[in-house]
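In case you want the letters, here they are:
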Amino acid sequence: MSHKVLTGQRALVTGANSGIGKGVAIALGKAGAKVVVNYISSEERANNVVETIKSNGSDALAIRADVSKEDQVEAMFKQMIDAWGSIDILVANAGVQRDADFTEMTLDQWQFVIDINLTGQFLCCREAAREFIRRGIDPELSCSAGKIICMSSVHEVIPWAGHVNYATSKGGVNMMMQSIAQELAVKKIRVNSISPGAIATPINTNAWNTPEAEAELLKLIPYQRIGKPEDIARAAVWLASDDSDYITGTSLFVDGGMTLYPGFREGG
Ligand code: NAI
Ligand code: BGC
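Overview of the structure. Quick caveat: nothing in here was measured; it's all calculated off a predicted structure.

**Looking at the site of ligand 1**
Then step 1. As a matter of local geometry, ligand 1 sits amid 28 residues, with Ser18, Ile20, Asn93, Tyr166 and Thr201 nearest to it.
Then step 2. In the model, a nitrogen atom of ligand 1 is placed 2.8 Å from a nitrogen or oxygen of the Asp66 side chain.
Then step 3. Between ligand 1 and Lys170 there is a distance of 3.0 Å, counted from an oxygen atom to a side-chain nitrogen or oxygen.
Then step 4. When isolated, ligand 1 has an accessible area of 820 Å², and the protein chains bury 92% of it.
Then step 5. When residues of the shell around ligand 1 are traced back to their parent elements, those giving at least two are helix H1 (19-30) and helix H5 (164-184).
Then step 6. In terms of residue class, the shell around ligand 1 is built from 14 nonpolar, twelve polar and two charged.

**Focus: the packing of aromatic side chains**
Then step 1. In total, this model carries two aromatic pairs according to the counting rule given.
Then step 2. With 5.7 Å between their ring centres and 70° between their planes, Trp160 and Tyr166 make a pair best called edge-to-face.
Then step 3. Ring centres 6.2 Å apart and planes at 85° place the aromatic pair Tyr261 and Phe264 in the edge-to-face group. An identical accessibility class is assigned to Tyr261 and Phe264; each is exposed.

**As for the sheet that holds strand S3 (residues 60-64)**
Then step 1. A sheet is described by the order of its strands in space; here seven strands give the open sequence S3-S2-S1-S4-S5-S6-S7, paired in parallel fashion. Strands with a single pairing partner mark the edges of an open sheet, and in this sheet they are S3 and strand S7 (251-254). Each adjacent strand pair in this sheet contributes to an overall mean axis angle of 20°, direction not counted.
Then step 2. Relative to the sheet, H5 contacts strand S5 (146-151), strand S6 (189-196) and S7, its axis offset from that of S6 by approximately 160°.

Conventions used here
Residues numbered from 1 in each chain as written. Chains lettered and ligands numbered in written order. Predicted model: local features only at pLDDT ≥ 70, side-chain atom pairs only at ≥ 80, totals over all residues. Heavy atoms only, no water. Near = heavy atom within 4 Å. Polar contact = N/O pair within 3.5 Å; in protein donor to acceptor, adjacent residues only side chain to side chain. Areas by Shrake-Rupley, 256 points an atom, 1.4 Å probe, with all protein chains shown as cover. Helix = DSSP H or I, 4+ residues; strand = E, 2+ residues; numbered from the N terminus. Nonpolar A, V, L, I, M, F, W, Y, C, P; charged D, E, K, R; others polar. Phe/Tyr/Trp six-rings, centres within 6.5 Å; stacked < 30°, edge-to-face > 60°. Buried < 20%, exposed > 50% of the residue type's maximum accessible area, 1.4 Å probe, protein only. Pairing = 2+ DSSP bridges. Axes fitted to C-alpha atoms, helices over the stretch in contact; angles between N-to-C directions. Contact = heavy atoms within 4.5 Å.

Interpretation note: all reported values are geometric properties and have no functional meaning in isolation.
As structure tokens, this is what we get:
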């Protein structure tokens, strides 16, 4: 990227040592931001992302924290602010699946997914918003006081049998994002979601790693290709930059048309 739209800004990406978060962290770095690479397991993979960002010319820092734990989230933000002075961009990306038929789903499976996918985003959004409000606008960096990007999913609108915990968490992310956006717009803080379709990452390997699975998945994607983390990363850079100023409270679907009800192309 030749035009570094995020020069000097400080970003935190949760779950940034794998899949979409890794792609987003590297792209934010290429766009000129310093990036905190949050992780919960595999410090080595987090350090590799840090090294990639540094080799592209930006600063980066790996911080371990479980996003579902209030004390760990608070400590992570404190460590970042102590190191770099503040935060300008949060990408609340960390997420998990624990799939089960509804009648077989345990309370642990339900709670685990809600705690990370929804409560984890709440905790990170709240810490970021507190700091954005404390600091206010720095016109040298951005015309807004801060940007939050929640990683949602097409399943914030597409019901998903066998994944009730997950779809519910993403439906919750959508209403949380819009409510925060409504509350914080007056403070010049922008809050949006990205809602990816099927992106090839470790979370959904079984959905694309055999020719049969890939063929089934492509039936759900009018654009006829499975997404890549870079597809999401480009959208994240844009939503984090002043190029998208005036956009708040929106969920941007990056899904190759998965939400277009492809089954109706010939039916109905
Ligand atoms: P992934 O499994 O590669 O990445 C998930 C990341 O979250 C990992 O780095 C993991 O260690 C981290 N994580 C899990 N629990 C954590 C915790 N308690 N604290 C901190 N980090 C934690 O999967 P992927 O696909 O990159 O997922 C990223 C986000 O994108 C998730 O929110 C997921 O729901 C969402 N998404 C993914 C889609 C896909 O097709 N891959 C489609 C739509 C949404
Ligand atoms: C899920 C993936 C799935 C995709 C499309 C995502 O939210 O995490 O497992 O492939 O939605 O259904």
